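# Fold and contact review
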Amino acid sequence: MKIRLLASTLMACVVLLFSALSLSACTGGPVPDLGERDAAVSSVMRALNVHDKNQLVKLAQPGPQTADSYAQLLLSQWGGVKDSGYSTVYSSEFSPDIVAVRVSTTDPSGSPAEVQFSLRWNDKAWLLNIGPD
C-alpha cells in the first residue's frame, strides 16, 4: 500500500512538473486533436492490461532516457487493469498540451482501480508523459 501511495505521489509530481514546464514553453504547432487523445489513452490502457512495458515506452517516444524505469513503475502499480468499459476524466489546468488523465476501471481481481497518468501533445501526436524530464 505504501508503494502505491508513493507511486501516486510521484505521478502527481510528474504531472505538476510537466504542467509548470509547459507554461514556460511556447507552442506554435497545431491544436491538439481530442479524438487522438482518446486513442492514446486506449493504447496506454491496452499496454497496461497485458503488462507490455516496451509498448508503454514506445507510447512515450520521443521521451526521456528513463522512460523504461517509469514504464515499469506504471506496470507495477496498474498492470493487468481492465482495458475496456472504463471511464476517463481529463484535466488540463495550465496548458492544452499537457493533460492529466484519470481512468476509472477495475484491477485484475475485479476491484475498482483508478489509473492516473498524463499525456503531452508533441509533433501532432499525444504521447504518454513519463519520466522526470
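Refer to the preceding data block for the structure.
Fair warning: this is a prediction, and the values are worked out from it, not measured in the lab.

Basis of the calculations
Per chain, residue numbering runs from 1 following the sequence as it is written. Owing to the predicted nature of the model, reporting of local features is limited to residues with pLDDT of at least 70; listing and counting of side-chain atom pairs is limited to 80 or more, with chain, interface and lining totals taken over all residues. With hydrogens and water excluded, all non-hydrogen atoms of the structure serve as input to the side-chain values. Labels follow the DSSP assignment, with helices taken as runs of H or I lasting at least four residues and strands as runs of E lasting at least two, numbered in each case from the N terminus. The contact definition used throughout considers only heavy atoms, calling two residues in contact when any of these lie within 4.5 Å. Where accessible areas are quoted, they stem from the Shrake-Rupley method and a 1.4 Å probe; at the residue level, only the protein chains shown are allowed to cover. One speaks of a salt bridge when a side-chain nitrogen belonging to Lys or Arg is within 4 Å of a carboxyl oxygen belonging to Asp or Glu. A 1.4 Å probe rolled over the protein chains alone gives each residue an accessible area, and that area as a share of the maximum for its type sets the label: buried under 20%, exposed over 50%, partly exposed in between. Put simply, a nonpolar core is a bunch of buried Ala, Val, Leu, Ile, Met, Phe, Trp, Tyr and Cys residues held in one set by side-chain atoms that sit within 4.5 Å of each other.

The helix and strand tally for the protein chain stands at 4 helices and 4 strands. Taken from the N to the C terminus, the helices and strands of the protein chain come in the order α-α-α-α-β-β-β-β. Sequence separation of 24 or more characterises 61% of the internal contacts of the protein chain that already satisfy a separation of 6 or more. If you sum the accessible surface of the protein chain, you get close to 7300 Å²; carbon and sulfur atoms cover 57% of it.

A full pass over the atoms with the stated rule returns 2 salt bridges. A salt bridge links K53 to D68; the nearest nitrogen and oxygen atoms lie 3.4 Å apart. Residue K53 is found in helix 3 (residues 53–59), and its partner D68 is found in helix 4 (residues 67–78); the two are separated by 15 residues along the sequence. E114 is the partner of R102 in a salt bridge, and the nearest nitrogen-oxygen pair spans 3.6 Å. Residue R102 is located in strand 2 (residues 98–106), and its partner E114 is located in strand 3 (residues 112–122); the two are separated by 12 residues in the primary sequence. Residue classification places R102 among the partly exposed residues on the basis of a relative accessible area of 37%.

All right, on to the environment of D33 then. If you trace the backbone, D33 turns up in the loop between helix 1 (2–24) and helix 2 (34–49). By relative accessible area, which is 31% here, D33 ends up partly exposed. Separated by 91 residues in sequence, D33 and K124 have C-alpha atoms that sit 8.0 Å apart. For D33, the residues in contact, after removing those within four places along its chain, are W121 and W126.

With 28 residues, the main nonpolar core has M45, L48, L56, V115, F117, L128 and I130 as its most contacted residues. Contributing elements (two or more residues each) for this core: helix 2, helix 3, helix 4, strand 2, strand 3 and strand 4 (125–128). What L56 contacts, discounting residues up to four positions off in sequence, is V44, A47, L48, A71, L74, L75, L128 and I130.

Keep in mind these numbers describe shape, not what the thing actually does.
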